[in-house]
Amino acid sequence: MAFVMMATTLQSNAQTHDSFANFARYASANKQLAEPKEGEWRVVLMGNSITDNWPQTRPEFFREHPNIIGRGISGQTSYQFLLRFRQDVVSLHPAVVVINYGTNDIALNTGPYDEKQTFDNVCSMADIAQANGIKVVLASCLPAGGFGWRPEVTDAMQKVKSLNARVRAWAKEKRIPYIDYFSAMLSADGKEMNPAYATDRPGIHPNAAGYRVMERLLLEALGQLR
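Taken as a whole and assessed by the stated rule, the structure comprises twelve salt bridges. Residue Asp52 pairs with Arg25 through a salt bridge whose shortest N-O separation is 2.8 Å. Here the residue Asp52 occupies a position in helix H3 (residues 49-52), and Arg25 occupies one in the loop between helix H1 (2-21) and helix H2 (27-32), the gap between them amounting to 27 residues. As a salt-bridge pair, Lys159 and Asp155 come within 3.4 Å of each other at their nearest N and O atoms. A single salt-bridge network, built from bridges that share partners, covers Arg58, Glu60 and Glu215.

Written out as C-alpha cells, the structure is:
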C-alpha cells in the first residue's frame, strides 16, 4: 500500500511540474520543426502572452520572416520560461533567442514578486543560450500601468522601470543587445502603455500598431547581429 501511495504521489508531482511549465504547448510543433538548414538564421522569441499573441495579431510579419519563431505562452513568468528553455529554445538550434520577460512576474502570476529572482532567471536563460552557442537579445518589459486581473498591484510601473534598469545595465556589462520596447510604447504622460498601441486598459497587450513598433525595433536589433 505504501508503495502504491508513493507511486501515486510521484506521478501527481510529475504532472504538476509538467503542467506548471506547460511543456506540452509546443512539444508537437518542436518535433515537426526541421533542423535549420545551412545558412539559415533562425530566431526564437521567448515570452508570455505578448509574444504568444504576436503571430495571431500580425501573421503577415511572420510570413515575411519565417525564420522568426514564436515560443510565447500566455500568463507565464520567468520561472516557467527557465523550466522550458531547453525544450522550446535550445533544442530548436536557433542562431538567436530574444527574451521578453517580467510582466507576469510583477503581476504575481506564480507567487510573490522578487526582482532579484526574476533578474536571476533572465541571466540564467542568457547563460544557457550562450553556453549552447546561441546569441542573446534581451527585450525590455513593456509599460504596465496596472493589471486588470491583479488590482492589488498598485506600483506596477515603478517595478517595471526598476527591473528594466537592472537588466539593461547587465546587458550593457555583458555586451548583450537590449531592445527598449518600453520607451517606444510608453504613453505621453508616462503612466501606462500608449493607448494607441494597446488592446486593453490599462495597456498590457499590444494591438497591431503596437506590434509594428516592436517589429521595427526587433529587426533593428537582429540586423546588428548579422
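This is not the end of the story, as more comes after the structure.
With that out of the way, let us pick up the pairing of strand S2 (residues 68-72). By the criterion of burial, S2 is predominantly enclosed, with five of the five residues buried. A two-sided burial pattern is seen for S2, the buried positions comprising Ile68, Gly70 and Gly72 on one face and Ile69 and Arg71 on the other. With five bridges connecting them, strand S1 (residues 43-47) and S2 associate as parallel partners. In the sheet register, Gly47 faces S2, and the bridge partner there is Gly72.

A few words now on the side chain of Glu115. Structurally, Glu115 is set in helix H8 (residues 115-131). Looking at Glu115, its side chain comes within polar contact range of the side chain of Arg166, at 3.0 Å. Residues within four places of Glu115 in sequence aside, it is in contact with Lys159, Ser162, Leu163 and Arg166.

Rules of the game
Residues numbered from 1 in each chain as written. Predicted model: local features only at pLDDT ≥ 70, side-chain atom pairs only at ≥ 80, totals over all residues. Heavy atoms only, no water. Salt bridge = Lys/Arg side-chain N within 4 Å of Asp/Glu carboxyl O. Helix = DSSP H or I, 4+ residues; strand = E, 2+ residues; numbered from the N terminus. Buried < 20%, exposed > 50% of the residue type's maximum accessible area, 1.4 Å probe, protein only. Pairing = 2+ DSSP bridges. Polar contact = N/O pair within 3.5 Å; in protein donor to acceptor, adjacent residues only side chain to side chain. Contact = heavy atoms within 4.5 Å.

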